[in-house]
Amino acid sequence: MEPDAQGQKQAVLQGNEACAKGAIYAGCRFFAGYPITPSTEIIEMLSAEMQKNNGAFIQMEDEIGSACAVIGARWGGKKAMTATSGPGYTLMQEAIGFAAVTETPAVIVNVQRGGPSTGQPTLSSQQDIYQARYGSHGDYGIIVLSPSSVQEMYDFTIKAFELSERYRSPVILLSDEVVGHMREKITIYSGTKKKNEAGPGFAYSPQEDFFQGSSSLVEGQLHDEKGRRIGHMADRSGHFIEHINRKIEDHRTQLADLDTFCMEDADIAIIAYGSVARPAMNAIKLARGIKDHRLRAKLNMFRDFFKKGAPAVIHTDYSHLKVGLIKINTVWPFPQEALKKAARDISLAIVPEMNVGKYVREIERALDGIKVISMPKCGGDIHTPKELLDEILEEVGKDESALSEIY
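Attention here is on the structure that accompanies the text. Note that the coordinates shown come from a computational prediction; the quantities given were computed from them, not determined experimentally.

This part is about the sheet that holds strand E7 (residues 143-145). Here 7 strands make up an open sheet; going across it, the order is E4-E3-E5-E6-E8-E7-E13 and the pairing mixed. Bordering the open sheet on either side are strand E4 (56-59) and strand E13 (330-332), each of which pairs with just one other strand. Averaged over neighbouring strand pairs, the angle between their axes works out to 25 degrees when direction is ignored. In terms of strand pairing, strand E5 (residues 79-84) meets strand E6 (residues 106-112) through 4 bridges, oriented parallel. Among the inter-strand pairings, Ala83 is bridged to a residue of E6, identified as Val109. Its contacts with the sheet put helix H1 (residues 15-26) on strand E3 (28-33), E5, E6 and strand E8 (170-176), and the angle it makes with E3 is roughly 135 degrees. Its contacts with the sheet place helix H7 (residues 150-167) against E3, E5, E6, E7, E8 and E13, and it is angled at close to 160 degrees to E8.

Written out as structure tokens, the structure is:
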């Protein structure tokens, strides 16, 4: 690591390692978890980092106990986190609902892998995109962040703790195996981030830590602002359910976070989140003629020439395609207004996902009147830039063919 004058360091880290480092900087001082591929590096690193930073680490008997321990630790006054994948995330759903109804800040990291069930322990997917939003029974709001780089794994972990404290809500960091296991040079910070307070009016009752005058009811039943059970009162119960949904949904514009690339003159957009945004970005660069001068890229070209032959190296001409990228970072609550604004001038959207095509439904609803094409991909392989651009070429060709028939 190379320190600079601002208390920052440059480090080469794996995505999961960056997540652990980000948690420590954010003030996390309690971690409970159970090892599961491909998230285990987070647990391994925090087992050591907690000891160095006056925190507590515990390996629980399973993921159910892990999520429950995190909730208890937060009410005991410590910022707390757990990390898991696939089947473990499924087991945590009841506890996530409990955290929502008790308005408990907690960070849950899901490094996605292929499913269902044991599925593909060592390969990536984005199959949990709906489970992250609707996994627990009942109605509640949730905040879900989706990193696509190691730097974002670090930054979004810090952001997850900030948002969980401000909105008194569980926050999900929805990563995947590709991001969790890639290594990149990133910037990390020294010390601990200053504690931020809960936003005014976000919590239904004046919730604090135990022993500090809280009037909260920390159990699964619905309660009023004085901590009294109201599950038998339909009108008051409805008001509470409305609150734990609206405190998130009513702040969609503040929570919305997306990045755009080459969208200034684009009439076609690739809309992606998580690791799939990486080949999407390369596809845009290829279409726009933005050269990759890195040595690795050049070596890969020679490798492909000898292993796969000339067709794999000689690229199709995509230069006539005005393609841009919209990368969604906060996937839930769905950033409808921000997406509409970013896509206002396009006529075609391509939505690649490492699942059967799920999040595309939200995008279709938001971009009414714009042609939206789903590009699902299962099995553990990520999309390639060529696949994305070839799909666009095919769709553009279809449109041109239809126009020629009319005229």
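There's plenty left to go through after this.
Here H1 spans 16 Å end to end across 12 residues, near enough to the 16 Å set by a 1.5 Å rise per residue. Within H1, 11 of the 12 residues are buried, leaving the element largely enclosed by the surrounding structure. Within H1 the residues assigned to the buried category are Gly15, Asn16, Glu17, Ala18, Cys19, Ala20, Gly22, Ala23, Ile24, Tyr25 and Ala26.

Time to look at helix H5 (residues 93-101). With respect to burial, H5 is a largely interior element, 7 of its 9 residues being buried. Along H5, the residues that are buried comprise Gln93, Ala95, Ile96, Gly97, Ala99, Ala100 and Val101. Residues of H5 that are buried make contact with helix H3 (63-75), helix H4 (86-91), E6, helix H6 (129-134), E8 and helix H9 (234-249). One or two steps after H5, the chain reaches Glu103, where phi turns positive at roughly 50 degrees.

Let's shift gears to the packing of aromatic side chains. Tallying each qualifying case throughout the model produces 9 aromatic pairs. With a centroid separation of 6.2 Å and an interplanar angle of 70 degrees, the aromatic rings of Tyr130 and Tyr134 are classed as edge-to-face. One end of the pair is Tyr130 and the other is Tyr134, both in helix H6 and 4 residues apart, which spans about a single turn. Between Tyr134 and Trp332, the ring centres sit 6.1 Å apart and the planes meet at 65 degrees, which makes this aromatic pair edge-to-face. With Tyr134 in helix H6 and Trp332 in strand E13, the pair connects residues that are 198 residues apart, well separated along the chain.

Following the criterion strictly, the structure yields 21 salt bridges and no others. Linking Glu242 and Arg246 is a salt bridge whose minimum nitrogen-to-oxygen distance equals 3.0 Å. With a gap of 4 residues between them, Glu242 and Arg246 both fall in helix H9, about one helical turn apart. The class of Glu242 is partly exposed, set by a relative accessible area of 38%.

Cis geometry marks the peptide bond from Thr37 to Pro38, where omega comes out at 5 degrees. Structurally, the position occupied by Pro38 is in the loop between E3 and helix H2 (40-52). Each neighbour pair has its own omega, and for Gly115 with Pro116 the value is 5 degrees, a cis peptide bond. Relative to the elements of secondary structure, Pro116 occurs in the loop between E6 and H6. You will see that Asn54, though not glycine, has its phi angle at about 60 degrees, which is positive. With respect to the helices and strands, the residue Asn54 is situated in the loop between H2 and E4. Residue classification places Asn54 among the exposed residues on the basis of a relative accessible area of 70%. One non-glycine residue, Glu103, lies in positive phi territory at about 50 degrees.

Calculation criteria
Residues numbered from 1 in each chain as written. Predicted model: local features only at pLDDT ≥ 70, side-chain atom pairs only at ≥ 80, totals over all residues. Heavy atoms only, no water. Pairing = 2+ DSSP bridges. Helix = DSSP H or I, 4+ residues; strand = E, 2+ residues; numbered from the N terminus. Axes fitted to C-alpha atoms, helices over the stretch in contact; angles between N-to-C directions. Contact = heavy atoms within 4.5 Å. Expected span 1.5 Å × (residues − 1). Buried < 20%, exposed > 50% of the residue type's maximum accessible area, 1.4 Å probe, protein only. Phe/Tyr/Trp six-rings, centres within 6.5 Å; stacked < 30°, edge-to-face > 60°. Salt bridge = Lys/Arg side-chain N within 4 Å of Asp/Glu carboxyl O.

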